[in-house]
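Listed here are the chains, written in short residue letters.
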Amino acid sequence: MLHGIFTFVIDTIAGLFAGFLLLRFWMQVQRVRPPMGLAQSIFQLTDWLVHPIRRVIPGFGGYDWASLIAAFFVALLSTLADFLVVSQVSLPVIALLALFKLLQWILYGLMALLVLEAVFSWVNPHAPFAPFIRTLNDPILSPIRKLLPPLGGIDFSPMAALILLQVFNRLLVELLPRLLLM
């Protein structure tokens, strides 16, 4: 029971922190400027980890790779904390599990952005965060919108994207045990 509580707390804190790191990376990829309060929060929470990594691995290709690598380190530490309490697991297995955890966090983050956009479209499409969220979702939704245009004035692309992201997540969950047995 205590291990389950410990794992829950560690995974929750690590997931939230990694979410900020991944959001920082995705905002830079999309070249979108967040609202000032959000930007300050994200940078204040993550600078202490991103800046030292950036000294070793500078951004290239126009991307802030330090934020993505920092998110992987958070996943790795979270996975290490989970498994060091329970049993001895090899470092390659922990690294693989951390990579899967990072990929799941990415999928969950994208799903959360899609849900936020749907909520904004229903509640207040002119909210200050709405254009910011819309810009972050555009690379995911625009290819789907080309295949599935709005029907009767209703845009089903966020629903289709959520379904696709859930399929990718299930594929990850199915693939993990097979990779661990190899």
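This is a predicted model, so every value here is computed, not measured.

Trainee: Give a detailed account of the packing of aromatic side chains, specifying residues and quantitative values.
Mentor: The full count for this structure, using the stated rule, is five aromatic pairs. Judged by centre distance (5.7 Å) and plane angle (25 degrees), the rings of F17 and W48 are stacked. With F17 in helix 1 (residues 2–30) and W48 in helix 2 (residues 36–56), this pair connects stretches of sequence that are 31 residues apart. Overall, the relative accessible area of 57% leaves W48 in the exposed class. Judged by centre distance (6.3 Å) and plane angle (45 degrees), the ring pair of F25 and Y63 falls under tilted. With F25 in helix 1 and Y63 in the loop between helix 2 and helix 3 (65–86), the pair connects residues that are 38 residues apart, well separated along the chain. A relative accessible area of 11% means that F25 is categorised as buried. A connected cluster of aromatic rings, assembled from ring pairs, spans F25, F60, Y63 and W65.

Trainee: Describe the packing of helix 5 (residues 130–147) against helix 6 (residues 157–181), listing the residues and the values that go with them.
Mentor: The contact between helix 5 and helix 6 brings their axes to 9 Å, and the two run at 110 degrees. Taken together, the axes of helix 5 and helix 6 are roughly perpendicular relative to one another. Both helix 5 and helix 6 take part in a crossing whose hand is right-handed. Between helix 5 and helix 6, the contacting residues are I140, L141, I144 and R145 on the first element and S157, P158, A160, A161 and L164 on the second. Residue composition of the contact of helix 5 with helix 6, grouped by class: seven nonpolar, one polar and one charged.

Procedures and definitions
- Residues numbered from 1 in each chain as written.
- Predicted model: local features only at pLDDT ≥ 70, side-chain atom pairs only at ≥ 80, totals over all residues.
- Heavy atoms only, no water.
- Phe/Tyr/Trp six-rings, centres within 6.5 Å; stacked < 30°, edge-to-face > 60°.
- Helix = DSSP H or I, 4+ residues; strand = E, 2+ residues; numbered from the N terminus.
- Buried < 20%, exposed > 50% of the residue type's maximum accessible area, 1.4 Å probe, protein only.
- Axes fitted to C-alpha atoms, helices over the stretch in contact; angles between N-to-C directions.
- Parallel < 35°, antiparallel > 145°, perpendicular 65-115°, else oblique.
- Left-handed = near helix turned anticlockwise from the far one by under 90°.
- Contact = heavy atoms within 4.5 Å.
- Nonpolar A, V, L, I, M, F, W, Y, C, P; charged D, E, K, R; others polar.

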